[in-house]
Amino acid sequence: NAGVTQTPKFRILKIGQSMTLQCTQDMNHNYMYWYRQDPGMGLKLIYYSVGAGITDKGEVPNGYNVSRSTTEDFPLRLELAAPSQTSVYFCASSFYGTENQPQHFGDGTRLSIL
Amino acid sequence: AQTVTQSQPEMSVQEAETVTLSCTYDTSENNYYLFWYKQPPSRQMILVIRQEAYKQQNATENRFSVNFQKAAKSFSLKISDSQLGDTAMYFCALTLNRDDKIIFGKGTRLHILP
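Structural notes, computed from the coordinates. This is a predicted model, so every value here is computed, not measured. (Residues numbered from 1 in each chain as written. Chains lettered and ligands numbered in written order. Predicted model: local features only at pLDDT ≥ 70, side-chain atom pairs only at ≥ 80, totals over all residues. Heavy atoms only, no water.)

**Observations concerning the pairing of strand β2 (residues 10–14) of chain B**
Residue and element names in this part refer to chain B. Inclusion rule: Relative accessible area decides the class of each residue, using a 1.4 Å probe on protein chains only: under 20% of the type maximum gives buried, over 50% gives exposed, and in between gives partly exposed. Here a strand is any run of E in DSSP of at least two residues, a helix any run of H or I of at least four, and the numbering for each starts at the N terminus. For two strands to count as paired, DSSP must find a minimum of two bridges between them.
Side chains Met11 and Val13 of β2 all project onto a buried face; the interleaved residues Glu10, Ser12 and Gln14 project onto a face where none is buried. Relative to strand β12 (residues 108–113), β2 runs parallel, the two sharing five bridges. Counted as the bridge partner of Glu10 is Arg109 from β12.

This is the structure:
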């Protein structure tokens, strides 16, 4: 199994540009999450989804949008990129009700807005 | 390679007691950050406390405090006056200053008993 796959790994955007961070998992997990991690800081939840067709805001949703049309994919959309969105973005997934392990994390996308 | 080890798979304490969760890690880097995350059932990772490796002073956050022993590569979490809402999985994690990856321990399931 590939686990959680994020693309791209690195990206530089200009202020005002848009892009989509891709996330896909092949573990048939119901729950998927997008976090951002600023340098030296902890994870902050942007959006999450408990299943296909269902999404909810996390702690820092402003400036982002998500969709969950399939169980496998959970793309994160940045509209009108701003310097404050420079961060490392992590996608994660988990089984419904899993309590025995951390969420499965992707390798992260380092995004710089210039 | 970096590793994080949590040696206590499960713990139970009575409400209002103090409990300490153990974590050891291994890295050859000098610049890194350590975190404790709480994961309630089927919920996202919630940052409990963070510690910068270059700071000798132990981090505290209300009822939560850490005992950071850099030479011993130990990073334990103390929860004082434990509450029923503290029941969750707790994960110790390490992030390098230069890296995008988050390395998690296997977690400690904490039960606070009424």
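Picking up after the structure, the text goes on.
**Remarks on the state of the cysteines**
Using the following cut-off: Cysteine sulfurs are considered disulfide-paired once they come within 2.5 Å of each other.
Counted under the stated rule, the structure contains two disulfides over all chains. Two residues share a disulfide in this structure: Cys23(A) and Cys91(A), whose sulfurs sit 1.8 Å from each other. The disulfide joining Cys23(A) to Cys91(A) has a torsion of about -75° about its S-S bond and is therefore left-handed. Taken together, the positions of Cys23(A) in strand β3 (residues 19–25) and Cys91(A) in strand β9 (residues 87–94) put the pair 68 residues apart, joining distant regions of the chain. Assessed through its relative accessible area of 2%, Cys23(A) is described here as buried. Two residues share a disulfide in this structure: Cys23(B) and Cys92(B), whose sulfurs sit 2.0 Å from each other. Because the torsion about its S-S bond is -70°, the bridge between Cys23(B) and Cys92(B) counts as left-handed. Taken together, the residues span a long stretch of sequence, with Cys23(B) in the loop between β3 (19–21) and β4 (24–26) and Cys92(B) in strand β10 (residues 88–96) at a distance of 69 residues.

**Quick notes on the pattern of salt bridges**
Residue and element names in this part refer to chain B. Rule in force here: Counted as salt bridges are all cases of a side-chain nitrogen of Lys or Arg within 4 Å of a carboxyl oxygen of Asp or Glu.
Counted under the stated rule, the structure contains seven salt bridges over all chains. Close ionic contact of Glu52 with Arg50 constitutes a salt bridge, the shortest N to O distance being 3.3 Å. In this structure Arg50 comes out as partly exposed when scored by relative accessible area, which is 23%. Across the pair Lys55 and Glu52 runs a salt bridge, and its minimum N-O distance is 3.0 Å. Judged by relative accessible area, which is 40%, Lys55 ranks as partly exposed. A single salt-bridge network, built from bridges that share partners, covers Arg50, Glu52 and Lys55.

**Digging into the environment of Phe105(A)**
Looking at where Phe105(A) falls in the secondary structure, it is placed in strand β10 (residues 104–105). A C-alpha to C-alpha distance of 9.1 Å links Phe105(A) and Ser94(A), two positions eleven residues apart in sequence.

**Here's the deal with the pairing of β12(B)**
Bridge count for β10(B) against β12(B) is three bridges, and the pairing is antiparallel. Note on β12(B): the bridge partner recorded for Tyr90(B) is Thr108(B).

**Quick look at the nonpolar core**
Within soluble globular proteins, side chains that are nonpolar tend to cluster in buried spots. Counted only if it meets this: Note on terminology: a nonpolar core comprises buried Ala, Val, Leu, Ile, Met, Phe, Trp, Tyr and Cys residues joined through side-chain atoms within 4.5 Å. Throughout, a residue-residue contact means that at least one pair of heavy atoms, one from each residue, lies within 4.5 Å.
Ranked by size, the top nonpolar core spans 28 residues in total, and within it Leu21(B), Tyr32(B), Trp36(B), Phe75(B), Leu77(B), Tyr90(B) and Leu110(B) carry the most contacts. At the level of secondary structure, the elements contributing two or more residues to this core comprise β2, β3, β5 (32–39), β6 (46–52), β8 (64–69), β9 (74–79), β10 and β12 of chain B. Examining the composition of this core, we find that five residues originate from one element, β10(B), more than from any other. In this structure, Tyr90(B) is in contact with Gln6(B), Leu21(B), Trp36(B), Tyr37(B), Lys38(B), Val48(B), Phe64(B), Leu77(B), Ile79(B), Gly107(B), Thr108(B) and Leu110(B), ignoring residues within four places of it in sequence. Judged by nonpolar contacts, the second largest core, of 20 residues, contains Leu13(A), Leu21(A), Phe74(A) and Leu76(A).

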